[in-house]
Structures are given as C-alpha cells and as structure tokens.
Amino acid sequence: MPAVRPLHSGWTVRVAGDDPDGVAPTGPLPASVPGCVHTDLLAAGLIPDPYLDDNERRLAWIGRTPWLYETTFDAGPVDADRVQLVAEGLDTIASVTFNGVELGRTANMHREYRFDVTDHVRATGNQLSIRFDSAYAYAEAVRDQVGARPNAYDEPFQYIRKMACNFGWDWGPTLVTAGVWRPIGLHMWSMARLARVRPLVTVDGGTGRVEVRADLERARTGALRLRVAVAGQTMTVDVPADATQATAVLEVPDVTLWWPRGLGDAHRYELAVTLEDPAGATTLDGWRGRIGFRTVELDTTPDADGSRFALRVNGTPIFVRGVNWIPDDAFVTRVTRERYAERLEQACAAGVNYLRVWGGGRYESDDFYDLADELGLMVGQDFLFACAAYPEEEPLRSEVAAEAREQVVRLMTHPSLVMWVGNNENIWGFHDWGWREALDGRSWGEGYYLDVLPGIVAELDPGRPYWPGSPWSGNSSLHPNDPDHGTTHIWDVWNTHDYRHYRGYRPRFVAEFGFQAPPAFATLRRAVSDDPLTPTSPGIAHHQKAIDGNAKLARGLEGHFPAPATFDDWHWATQLNQARAISFGVEHFRSLRPLCMGTIVWQLNDNWPVTSWSAVDGDGRRKPLWYALRRSYAQRLLTLQPRDGRLALVAVNDSSTPWIAEIEVRRVTFAGDPRAKATIPLEVPAGGALTVPLSTELSTADEPAAELIVADSSTDTDTERALWCFAEDVDLRYPPAVTDVAVRRGETGLVIEVTAGTLLRDLTLFADRLDPAATVDRQLVTLLPGESATFRVRGGRSLEALAESPAWAASPVLRCANDLMR
C-alpha cells in the first residue's frame, strides 16, 4: 500500500512581498494546515473577529495581499518508485516550491494537485513553500484579458475558480481567503497506483450490479491484478503489463435498496477495490467506499399543464421537501464532521428529505455526503456557477472541465446524490437581467451548461440525471423560469410582493423561494455590541447584506402586523412573519401534489451571524421558521386551503403507507365557543393527496375578526392541527394574552407548562433570552382557552438557577401573536 506522510505541522505564514499600506503583520506566524490566512491571523490575535460588529470592513486588505506558507520536515528513508506531493485543495492562486524547485502553479480551489518529487525529496531537511497570490489580482487580470461580464454583485468572482461567496453575497461577508484548505502530504508508492476508481452502481429487479472502472498510474510496467469485493461477492481481473485501465463487473443477488428517508432504510454496502501483484501476495493500492443500490430517474413528461418535474427513486415518485444549503462557515475549514452532523440532523428533524448544494459555494465534503447517505437525505449538487455571466475562454474553460471531471468521479459513489445541476440562475439572468445586451455576443456560460457539463456527466456518471440550471424550463424555446415547466425560482415574493402572492402560482417544482428574518437574539447579541439594539443600529445594519433588506422586512409586515413599537417586537414580528410566509408557500405548493412535486426553501443555514432567509442561524440556533418547517414538511400534512371559492381540507401523504384517520373540523370563536363542527374520514393513498371541501356552515364565519377553524386528527396524534383565520392578524380581535405558567425541573432541564386563559396564537418560548446555550423543543403553538402546551428546555448551563425566574412567563421570553396587537 502507498505510504502517506501528512504535512500538517510546522507551518508558518507571512506576507509575500511588500506591504505598501503597512497593515500586514511583520515576520512569520504559526499557521494551521488545513486552514486559511484569516483564521491564522485571528488565532495570532492580529485581527478582530470578522463576524463581530463591522470588523469585516477593516479586513479587506487580506484578500488583496499575497501570502507565503512554509514548512520544513524530514521524510526519512524512502523505499518507493514514486514520491508525490499531493495537495487536495489549494485556495487558490498558488505557486508550489519544494527544496528550491518550483513544482507548478495552480488556479482552482476545487481541484486536487499531484506533483512528482521523487528526484527532489530528502531524508531530512525538506523545505516546502506555497505562495498564494491575491485572488483579486488574478480575477481582475482575467477579467481584463477576456472582457468584463455582468454579474449580481460588484465583485470579480466569475473570473476565478474559487468559492464565489468568498467575495460576499446578499447573506454573507466579503472575506477573500487564501491557504492550504484541504489535506496535503507525501504519497509514496511502487509499481502502480489506483489513480481513479469509478463505480457504476445499478439495480434491476432484486439484482444489483457494480461495474468498477479503474484508471492506473504506473511507475513501471508489469502484470497486475484488480480485486473487487462487495456484499460477499468477489471478482479478480488480470491487468496486462502495460495497461492503464481495468474493469470488473459484479452482480449481487437480492440486494437491499437504499431509500430516501421516510420511505425505507438508507442501506449501504462496503465496496473494496484492491490493486495487487499477479499472485495477490502484495497489495499495491486500495480504495474503499460505501455504495447504495437504488435507481433514480427524472420525469419531465409533457402534460396538459406543461411538463412534469418529478424525481423517482426506485420507481417511486418523491415529493421533494427540500432546503438550499450554503457553506456553513465563511471559513470552511472550521466545519467539522460533528458540525455537519448537527446541521443535517437539524434538517432531518424539520422533515427535510432533500438538500440542494448551491452553486455559489463549494462541492461539499466527503463527510457531508457520507452523512447524507447515512441519513437518507437526497442531494442535488450544483456545478459551481452562480448569478453571473461566466467566460468560456481560457484560462477558465480547461479549468472548468478538469474540475467537473474530478468532482463527478469523487461524488458519484454516493447514493444520496440524485441530481447534477448546471448552474444557479445564470440562464435566467441572461434572459431577464439585462445581460444579453451587456454581453453583446460574448460568451456567458451557456456552452458549459448545455454542452460541456452534460457531456462529462453522460460520460462518467450516466446513471444520474443532469439538469442545465436552476431555474430551467427544460427547453431553450421556453422562458427559463416558466413555472409550468421544469424548476422555478419565486423571488417576486420577498422582493416586491406580499407572501399571499404564492397562492397565485401553480408551479411544477419550486427550487428557490424564501423570506428573511433576523437570527436568534443570543446570536445577535453575541455578534453585535450596539447599545441599544435597533433595527437600524450600525451593527444590525452591517449584518443585513440584502439590498433594501430592512425595508423589505418592514413591507413584509404590512397587512399582517402593526408596525413594531420596540426592538423586541420587531425581532419577534419579523421572525414570526418569516415562519408564516414560508409555511404559507410550502403548504400551498404541497397541496397541489401531484401537479407540484417539490419545494426547496431558501435556505437552511447561514455562514455567519446575519439577518437572512435561513431556518438555522449562523450560530446554529433554530429560528421560528425551523419549527414552522417541521410542521409544514411533516410526511403527513393537514392544511386548509381555498378551493373554487370555498375552503377545503387537504390531506397530503408523502409516506409509504396509506393514511387512514378521522379529522375533527371545528369553527370556534376566539373564546373557544363552538359554532360548527364536522368529522371527516380520511383515506389517503401512499404518495397521494386528498381534497375535501368544507360545508358552508364550517367555512363561513359569523364574526370573521373573532373566529377560526381548527382541524385535528382524533385518531392520529402525530398529525399537527391545521388552522384557518378569516382575516390577517392586524384585523383580528385577539384578546390580551392570559397565561398560567408552571416551571419545574426535569431530568434533562426545565419543563415549562403553559395553560391558556385566552386564545394564544403562535405561542413561542425564547429560552436563549435567558441562557444563550438553552434550546426549546417546540415553538409556534396555538392554544384555545383551557388548552395547555409543554415546553422542554435543555442545554443551558444556568437552567437550574433559572427555574424560579418569573421571566419565563413574560415578554420577551414568552411571546405570542396577541402581543403584537397592543
């Protein structure tokens, strides 16, 4: 087997060359590898935390400065035909020098590089230097060379193969990094190694098939043997003395399928590929991975309403309950496997079954995909193009192709990966954002999305669907964001329209839609030192990156809630409005099944503490939106929707078994007095939806400002109640909230029981207001008079001392929509 000598210790970093502005540190500093210059400077105490207040503004010089990383090491005795320096990720414009010899230059953050150092390595005293030139300087030079193209932000991110959101986004900071961001080390091997392993995994009936295609790199000629093993089946293939490719095919009878979460087990098998000498006595190299047997198809059949866009896994149509995923930290090397696990488990707990890895970030880590495989989460991976016209000339064209080939092979093993997508919003931008005129015939990326990338996927990963863009209508003759065809992005809601406008859409698949809110209070308070906090105080304003973001938040409240009188009311109202808006959209779209077969909410997570569209904020705290998603993304959903001029109960069943239940539907006053009642039997097939019109007596209010409809399952206690109010909050006659709150100590924290003396709409407990580390198991609970709800609070270090605090029963800790009507 190859010997691997990691090179992760003893590194220093310093400015490479002059510092005309005199702001950079002098002399070398200790450096972390993997890591980046920002985190090294932060660890040395030489820069303030860029996530706090407006410190980001004072750190722009880092991205415009060249940096030199250096280390020395001993290799010891080398007994190998070949020694290679393997850099799995260099960010981004790097010159690599080993013992005084320049090995090469790189210009792509998303590729692995191998340099032959066989003739240069020493037993002791090796010197490795990597100079990172400014990403800005490189990108601006390429822009000058190929000609400027339009994009969504005044930054040169489309001229360099680097994580685009490093240059800032409407939710992220501008922190242009440099450094050795993935593992680096010496790989020492003899005779031959496995340069690339490509398993093509298919299943037909109950029989699985694995076709392993291996590319070999040789140090010398000689006969070899390739051994492949999976699920108790083994096959060996003799490799001729000068061959650089080998293929082995295994069939596995009676395989257990990999299923998306909620439909079956996410079963995987160990696949082992070994390169040996002809007798099998010596192992030269090995590769191991975990594969899943499943089929995936994309149904785009034309129909009377346009054309479908529906994923089928193992022949079963899947309604995608998705979220968009962005890098979980602006400094991606800080995202550990444990942090990925926490974030993906938060997605699962919210009912999510699909993650779209957005094209302005990165090809996600092996840990991310391994966890998605394990959890049964489907993933769609964008190729890395977002919100810009991308040049198709050199030096970028060859980098794009090489990057795509490498990443397709790296990720194709994972059963969770169900779709490749060519770009984010670039085809739409060309059509609608004035790019066509600005480009005046110059290339903009169309050749990548319609030729280069689909060709690479068809060649290397033919069993997985490719879709040219998000959004994309499936045909160049159609508008790319036509909701009747393919995927659509809905951004008039948030930018210009009230969220009730969602109901005007009957889309086939919504790949982006979202609504903003600030992060949790504890997150804001950690990141912003303003005193007092106001929606427009300097720190709050800096942590709002969207154009006119706060004005859009205010406009979004209009017609729903009065203008907030205090910061605490603003914080609560905007968070509640975000939850309401997304629930409104999700439940409308889900109620259209099978016309609509997917929603992907923008967005699950943040990469720093910020006001954004996320459900989980930059410190990992769940916003009220997360709790709303958990209800609206439940496998079995009850929702009340207008249909043909009247109200209807819609029951949506995304599970694999029929849903048989009785639903009690009541029209009641805010005081809890009954006005009408009916029991509705349900029998909803697996993967189906049932619409039941309500009677006029149920759906017509005597006092629209003081009545609501409540739908509860009397036989299925796991199904959350559905509500319908006859007017918006601002026009409702909510009573002043009356609560009885009892706090007791539980085994793992505090148990808080709230009994309603009046109607309480969207009752929410903000435990982080009292202890930043505390979490609560539920929010947004609506209670009728006399009903109770139990909240379980855990995780805080001071909970024991807080058990007697009266603050649990008062604002801003305990809130409901009634509060906002004062």
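See above for the structure.
Residues numbered from 1 in each chain as written. Predicted model: local features only at pLDDT ≥ 70, side-chain atom pairs only at ≥ 80, totals over all residues. Heavy atoms only, no water.

How should the overall build of the chain be read in this particular structure?
For the chain, the helix and strand inventory stands at 17 helices and 46 strands. Computed over the C-alpha atoms, the radius of gyration of the chain is 28 Å, within 12% of the 28 Å expected from 2.2 N^0.38 for a compact globule of 822 residues. Projecting the C-alpha coordinates of the chain onto the three principal axes gives extents of approximately 90 × 65 × 65 Å. Relative to all contacts within the chain whose residues are 6 or more apart in sequence, the contacts with residues 24 or more apart total 69%. (Helix = DSSP H or I, 4+ residues; strand = E, 2+ residues; numbered from the N terminus. Rg over C-alpha atoms; globule rule 2.2 N^0.38 Å. Contact = heavy atoms within 4.5 Å.)

What should I look at first to understand the side chain of Asp-299 in this one?
Within the fold, Asp-299 resides in strand β20 (residues 296-299). At a separation of 2.5 Å, a polar atom in the side chain of Asp-299 contacts the side chain of Thr-301. At 3.0 Å, the side chain of Asp-299 and the side chain of Arg-308 are in polar contact. Filtering out sequence-adjacent residues up to four positions away, Asp-299 remains in contact with Arg-308, Phe-309, Ala-310 and Arg-312. (Polar contact = N/O pair within 3.5 Å; in protein donor to acceptor, adjacent residues only side chain to side chain.)

Which parts of the structure should I look at to understand the sheet that holds strand β46 (residues 814-815)?
Two orientations exist for strands paired in a sheet by backbone hydrogen bonds: parallel and antiparallel. Spatial ordering of the open sheet is given by β44-β42-β46, a layout of three strands whose pairing is antiparallel. The open sheet has two edge strands, β44 (781-783) and β46, and neither has a second partner. Sheet topology places strand β42 (residues 760-765) next to β46; two bridges connect them, and they run antiparallel. Across the sheet, Leu-765 pairs through a bridge with Leu-814, a residue of β46. With respect to the sheet, helix α14 (residues 567-591) is in contact with β42 and β46, its orientation differing from that of β42 by roughly 110°. (Pairing = 2+ DSSP bridges. Axes fitted to C-alpha atoms, helices over the stretch in contact; angles between N-to-C directions.)

I would appreciate a short explanation of the pairing of strand β41 (residues 749-756) in the present structure.
A regular strand places its side chains on the two faces of the sheet in alternate fashion. With six of its eight residues buried, β41 lies for the most part within the structure. One ladder, built from seven bridges, connects strand β40 (residues 739-745) with β41; its direction is antiparallel. When the sheet's bridge partners are listed, Arg-744 is paired in β41 with Val-751. Counting the residues in the hairpin turn of β40 and β41 gives three residues. (Buried < 20%, exposed > 50% of the residue type's maximum accessible area, 1.4 Å probe, protein only.)

Sorry if this is basic, but what is going on with the packing of aromatic side chains here?
Each aromatic ring pair is characterised by the separation of its centres together with the angle its planes make. One pass over the full model with this rule turns up 42 aromatic pairs. On the basis of an interplanar angle of 75° and a centroid distance of 5.9 Å, the ring pair of Tyr-340 and Phe-368 is categorised as edge-to-face. With Tyr-340 in helix α4 (residues 337-349) and Phe-368 in helix α5 (residues 366-375), this pair connects stretches of sequence that are 28 residues apart. Exposure class is identical for Tyr-340 and Phe-368. Each is buried. Here the aromatic rings of Tyr-502 and Phe-589 are separated by 5.9 Å at their centres, their planes lie at 75°, and the arrangement is edge-to-face. One end of the pair, Tyr-502, is in the loop between α10 (492-495) and β31 (510-513); the other, Phe-589, is in helix α14, with 87 residues separating them in the sequence. One aromatic cluster is present, formed by Tyr-153, Phe-157, Trp-169, Trp-171, Trp-358 and Trp-602 through successive ring pairs. Here the guanidinium or amino end of Arg-590 rests over the ring plane of Phe-319, the centre of that ring lying 6.0 Å away. (Phe/Tyr/Trp six-rings, centres within 6.5 Å; stacked < 30°, edge-to-face > 60°. Lys NZ or Arg CZ within 6 Å of the ring centre and 35° of its normal.)

I keep staring at the pattern of salt bridges and nothing clicks. Help me out?
Think of it this way: side chains of opposite charge can pair up when their charged atoms draw near. Inspection of the entire model under this criterion finds 68 salt bridges. Between Arg-721 and Asp-712 there is a salt bridge, and its shortest N-O distance comes to 3.0 Å. Neither Arg-721 nor Asp-712 differs from the other in exposure class; each is buried. For Asp-762, the salt bridge identified is with Arg-761, shortest N-O distance 3.9 Å. Both residues of the pair, Asp-762 and Arg-761, belong to the buried class. Each of Asp-328, Asp-329, Arg-334, Arg-339, Glu-342 and Arg-343 takes part in one network of salt bridges that share partners. (Salt bridge = Lys/Arg side-chain N within 4 Å of Asp/Glu carboxyl O.)

Help me understand the sheet that holds strand β9 (residues 113-116) in this model?
Strand order in the open sheet formed by four strands is β1-β12-β5-β9, and the pairing between neighbours is antiparallel. Every interior strand has two partners, whereas the edge strands, β1 (3-6) and β9, have only one. Ignoring which end each strand starts from, the neighbouring axes of this sheet average 25° apart. Bridge analysis of β1 against strand β12 (residues 184-189) gives four bridges, and the strand direction is antiparallel. Bridge pairing in β12 links Val-4 to His-187.

Just to check I follow, could you spell out the state of the cysteines for this structure?
Disulfides are covalent bonds that connect the sulfur atoms of two cysteines. What the rule picks out here adds up to zero disulfides. Its sulfur unpaired, Cys-36 is 13 Å from the next cysteine sulfur, which belongs to Cys-165. You can see Cys-165 has no disulfide; the closest cysteine sulfur is in Cys-387, sitting 11 Å from it. Taking the relative accessible area as the measure of exposure, Cys-165 reaches 2% and is therefore buried. (Disulfide = S-S within 2.5 Å.)

Quick question: what am I supposed to make of the packing of helix α13 (residues 549-557) against α14 here?
The relative placement of two packed helices comes down to the angle between their axes together with the axis-to-axis distance. The interhelical angle for the contact between α13 and α14, taken along N-to-C directions, is 75°, at an axis separation of 10 Å. Considering their axes alone, α13 and α14 lie roughly perpendicular with respect to each other. Together, Asn-550, Leu-553, Gly-556 and Leu-557 of α13 and Trp-570, Ala-573, Thr-574 and Asn-577 of α14 make up the contact between the two elements. For the contact of α13 with α14, the per-class residue count stands at four nonpolar, four polar and no charged. (Parallel < 35°, antiparallel > 145°, perpendicular 65-115°, else oblique. Nonpolar A, V, L, I, M, F, W, Y, C, P; charged D, E, K, R; others polar.)

Would you mind showing me how to read the environment of Leu-708 here?
With respect to the secondary-structure elements, Leu-708 resides in strand β38 (residues 707-713). Judged by relative accessible area, Leu-708 falls into the buried class, the value being 1%. Counting along the chain gives 85 residues from Leu-708 to Lys-623, while the straight-line C-alpha distance between them is 26 Å. Contact partners of Leu-708, with chain neighbours within four places excluded, come to Arg-666, Arg-667, Val-668, Thr-669, Phe-670, Leu-723, Trp-724, Cys-725, Phe-726 and Leu-784.

Please explain the nonpolar core as it appears in this structure.
The tendency in soluble globular proteins is for nonpolar side chains to be buried side by side. In terms of nonpolar packing, the biggest core is built from 176 residues, with Phe-383, Leu-629, Val-793 and Trp-808 touching the most fellow members. Among the elements that line this core, the one with the most residues is α14, at eleven residues. In this structure, Leu-29, Leu-90, Ala-178 and Ile-184 belong to the second largest nonpolar core, which totals 37 residues. (Core = buried A, V, L, I, M, F, W, Y, C linked by side-chain atoms within 4.5 Å.)

Just to check I follow, could you spell out the side chain of Thr-669 for this structure?
Within the secondary structure, Thr-669 is located in strand β35 (residues 659-669). Classification of Thr-669 by relative accessible area gives buried; the value is 7%. Not counting residues within four places of it along the chain, the set of residues in contact with Thr-669 comprises Arg-675, Ala-706, Glu-707 and Leu-708.

Quick question: what am I supposed to make of the environment of Cys-725 here?
Within the secondary structure, Cys-725 is located in strand β39 (residues 722-725). Taking the relative accessible area as the measure of exposure, Cys-725 reaches 16% and is therefore buried. In the structure, Cys-725 is positioned 17 residues away from Leu-708 in sequence and 4.6 Å away in space, judged by C-alpha atoms.

Please explain the pairing of strand β2 (residues 12-15) as it appears in this structure.
Relative to strand β3 (residues 29-30), β2 is paired through two bridges, and the arrangement is antiparallel. By the bridge assignment, Val-13 is partnered in β3 with Leu-29.

Is there a simple way to explain unusual backbone geometry in this structure?
Residues other than glycine predominantly adopt negative phi, and peptide bonds predominantly adopt the trans conformation. With an omega of 10°, the peptide bond running from Trp-602 to Gln-603 counts as cis. Looking at where Gln-603 falls in the secondary structure, it is placed in the loop between β32 (598-601) and α15 (624-632). Here the residue pair Ser-811 and Pro-812 is connected by a cis peptide bond, since its omega of 5° sits within 30 degrees of zero. Along the chain, the position of Pro-812 falls in the loop between α17 (799-802) and β46. At Asp-644, a position not held by glycine, the phi torsion is positive, near 55°. Along the chain, Asp-644 turns up in the loop between β33 (636-643) and β34 (646-653). Of the residues examined, Asp-644 reaches a relative accessible area of 80% and is grouped as exposed.

So what exactly am I meant to see when it comes to the packing of α14 against α15 here?
Between α14 and α15, the shortest axis-to-axis distance is 8 Å and the interhelical angle comes to 20°. Between α14 and α15, the angle is such that the two are roughly parallel. Of the two elements, α14 crosses α15, and the hand of that crossing is right-handed. Of the residues in α15, those in contact with Gln-575, Gln-578, Ala-579, Ile-582, Ser-583, Val-586, Glu-587 and Arg-590 of α14 are Pro-624, Leu-625, Ala-628, Leu-629, Arg-631 and Ser-632. Of the residues contributing to the contact of α14 with α15, the split by class is seven nonpolar, four polar and three charged. (Left-handed = near helix turned anticlockwise from the far one by under 90°.)

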